[in-house]
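# Residue-level structural notes
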Amino acid sequence: MATVYATSVKFASSLKHSVGDYKLTGRTSTLRLVSMNWTKNGFPSLRSSRFRVCCAAKPETVQKVCDIVRKQLALSPESALTPESKFSDLGADSLDTVEIVMGLEEEFGINVEEDSSQNITTVQEAADLIEKLVQKKSEA
């Protein structure tokens, strides 16, 4: 049995077809645990079955990130801002990105390492990193 820890998991409808004769069952709980079982002996190659798990941040975290980005970049309430929005497409330069990260650190009470902050290019990436850091902080 495979176990995946994630904030949320999405299964594409094509997953059933890509694992061939293997029967896949999945279960998601609020405990952030996903269990999957294959009815045939052996575990299919994940590469050949195109198995993919998306770990997405909570909607409220994404919304807070959107609010901070909107404030830091002085975006109007009407401007489109989605989890896929890239900071550069919104007009942010490197200094703006640093200010966004500082706002996120203050809002969530976390410390984002410089290496991690340089990899944040979208709202979703920022929200995912925040979820990870908040979880680490609560476990410490």
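Every value quoted in this text rests on a predicted model; they were computed, and no experiment measured them. (Residues numbered from 1 in each chain as written. Predicted model: local features only at pLDDT ≥ 70, side-chain atom pairs only at ≥ 80, totals over all residues. Heavy atoms only, no water.)

The nonpolar side chains of soluble globular proteins are, as a tendency, buried together. V65, V69, F87, L104 and V123 are the most contacted members of the largest nonpolar core, which totals 24 residues. Looking at this core, the elements that each hand over two or more residues are α3 (59–72), α4 (94–108) and α6 (123–139). Discounting residues that sit within four places of it in the chain, V69 has contacts with L75, L81, F87, L90 and I100. (Core = buried A, V, L, I, M, F, W, Y, C linked by side-chain atoms within 4.5 Å. Buried < 20%, exposed > 50% of the residue type's maximum accessible area, 1.4 Å probe, protein only. Helix = DSSP H or I, 4+ residues; strand = E, 2+ residues; numbered from the N terminus. Contact = heavy atoms within 4.5 Å.)

This part is about the packing of α3 against α4. Where α3 meets α4, the closest approach of the two axes is 10 Å, and the angle between their N-to-C directions is 135 degrees. The orientation of α3 with respect to α4, classified from their angle, is oblique. Between α3 and α4 the crossing geometry is right-handed. Taking contact as the criterion, the partners of T61, K64, V65, I68, V69 and Q72 in α3 are, on α4, E99, I100, G103, L104, E107 and F108. (Axes fitted to C-alpha atoms, helices over the stretch in contact; angles between N-to-C directions. Parallel < 35°, antiparallel > 145°, perpendicular 65-115°, else oblique. Left-handed = near helix turned anticlockwise from the far one by under 90°.)

Let us look at the confidence of the model for the protein. Mean pLDDT over the protein works out to 74, with 61% of the residues at or above the 70 mark. For the protein, the element scoring lowest by mean pLDDT is helix α1 (residues 15–18), at 38; α3 scores highest, at 96. Note on residues 1–35: pLDDT is under 50 here. Beyond four places in sequence and across chains, it has 70 contacts. Of the regions scoring below 50 in pLDDT, residues 46–54 engages in 16 contacts with residues more than four places distant in sequence or in other chains. (pLDDT = per-residue confidence, 0-100.)

Here we take up the packing of α3 against α6. Running from amino to carboxyl end, α3 crosses α6 at an angle of 120 degrees, the nearest separation of the two axes being 9 Å. Between α3 and α6, the interaxial angle falls into the category oblique. Helix-helix and strand crossings are classified by hand; for α3 and α6 the assignment is right-handed. Between α3, through T61, V62, V65 and C66, and α6, the contact on the second element is made entirely by V123, Q124, A126, A127, I130 and E131. Looking at side-chain class alone, the contact of α3 with α6 contains seven nonpolar, two polar and one charged residues. (Nonpolar A, V, L, I, M, F, W, Y, C, P; charged D, E, K, R; others polar.)

With that settled, the discussion passes to α6. Helix length check: α6 (17 residues) gives 24 Å between terminal C-alpha atoms against 24 Å at 1.5 Å per residue, within 8%. Residues of α6 that are buried: V123, Q124, A126, A127, L129, I130, E131 and L133. Turning to α6, the residues buried within the fold contact α3, α4 and α5 (114–117). (Expected span 1.5 Å × (residues − 1).)

Looking now at the environment of I130. Topologically, I130 is positioned in helix α6. You can call I130 buried: its relative accessible area is 3%. Distance from I130 to V112, taken between C-alpha atoms, is 8.4 Å for residues 18 residues apart in sequence. Excluding residues that lie within four positions of it along the chain, I130 makes contacts with T61, V65, L104, F108 and I110.

Turning next to the side chain of D96. Locating D96 in the fold gives a position in helix α4. Among residues more than four places away in sequence, those in contact with D96 are L73 and G91.

On to unusual backbone geometry. The phi dihedral of A74 is positive, around 55 degrees, even though this residue is not glycine. You can see A74 is positioned in the loop between α3 and α4.

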